[in-house]
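Observations on chain architecture
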Amino acid sequence: MANLSELELQNLRHLIGGYDTTHCKMKEYAAESKDPKIKQFFEKGAKSAMENKTQLMKFLQ
């Protein structure tokens, strides 16, 4: 793990939590969507949020 300050760890926690929330909401919106284009939009957003969360989690290893 890189030498991160307490503030940097708090910021990472905040960002990771935000991306996790976004991922969950986008997946739910996609599941509820009837229009295929809207569904695809939310699925793409959910995937992007998970990728961002995964990248940030690497700072904690």
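Below or above, wherever it landed, is the structure these notes cover. Just so you know, the residues in each chain are numbered from 1, in the order the chain's sequence is written. Reporting of local features is limited, given that this is a predicted model, to residues whose pLDDT is at least 70; pairs of side-chain atoms are given and counted only at 80 or more, and all residues count toward the totals for whole chains, interfaces and linings. Only hydrogens and water are set aside when side-chain values are computed; all heavy atoms of the structure are taken into account.

The next point concerns the pattern of salt bridges. We count a salt bridge whenever a side-chain nitrogen from Lys or Arg sits within 4 Å of a carboxyl oxygen from Asp or Glu. Applying the stated rule across the entire model yields two salt bridges. A salt bridge links lysine 53 to aspartate 20; its shortest N-O distance comes to 3.1 Å. Here aspartate 20 lies in helix α1 (residues 6–32) and lysine 53 lies in helix α2 (residues 36–57), a separation of 33 residues in the sequence. You can call lysine 53 buried: its relative accessible area is 18%. With a shortest N-O distance of 3.0 Å, glutamate 51 and lysine 47 are connected by a salt bridge. Of this pair, glutamate 51 and lysine 47 both sit in helix α2, four residues apart, which is roughly one turn of the helix. We count a stretch as a helix when DSSP gives it H or I for four or more residues in a row; a strand needs E for two or more, and each element gets its number in order from the N terminus. Only protein chains enter the area calculation, which uses a 1.4 Å probe; residues under 20% of their type maximum are buried, those over 50% are exposed, and those in between are partly exposed.

A word on the packing of aromatic side chains. Two rings from Phe, Tyr or Trp (for Trp, the six-membered ring) form a pair when their centres are within 6.5 Å of each other. A pair whose planes differ by under 30 degrees is stacked, one over 60 is edge-to-face, and the rest are tilted. Taken as a whole and assessed by the stated rule, the structure comprises two aromatic pairs. On the numbers, 5.3 Å between centres and 70° between planes, the contact of phenylalanine 41 with phenylalanine 42 is edge-to-face. By relative accessible area, which is 54% here, phenylalanine 41 ends up exposed. The class of phenylalanine 42 is buried, set by a relative accessible area of 18%. An aromatic cluster of at least three residues, connected via ring pairs, comprises Tyr29, Phe41 and Phe42.

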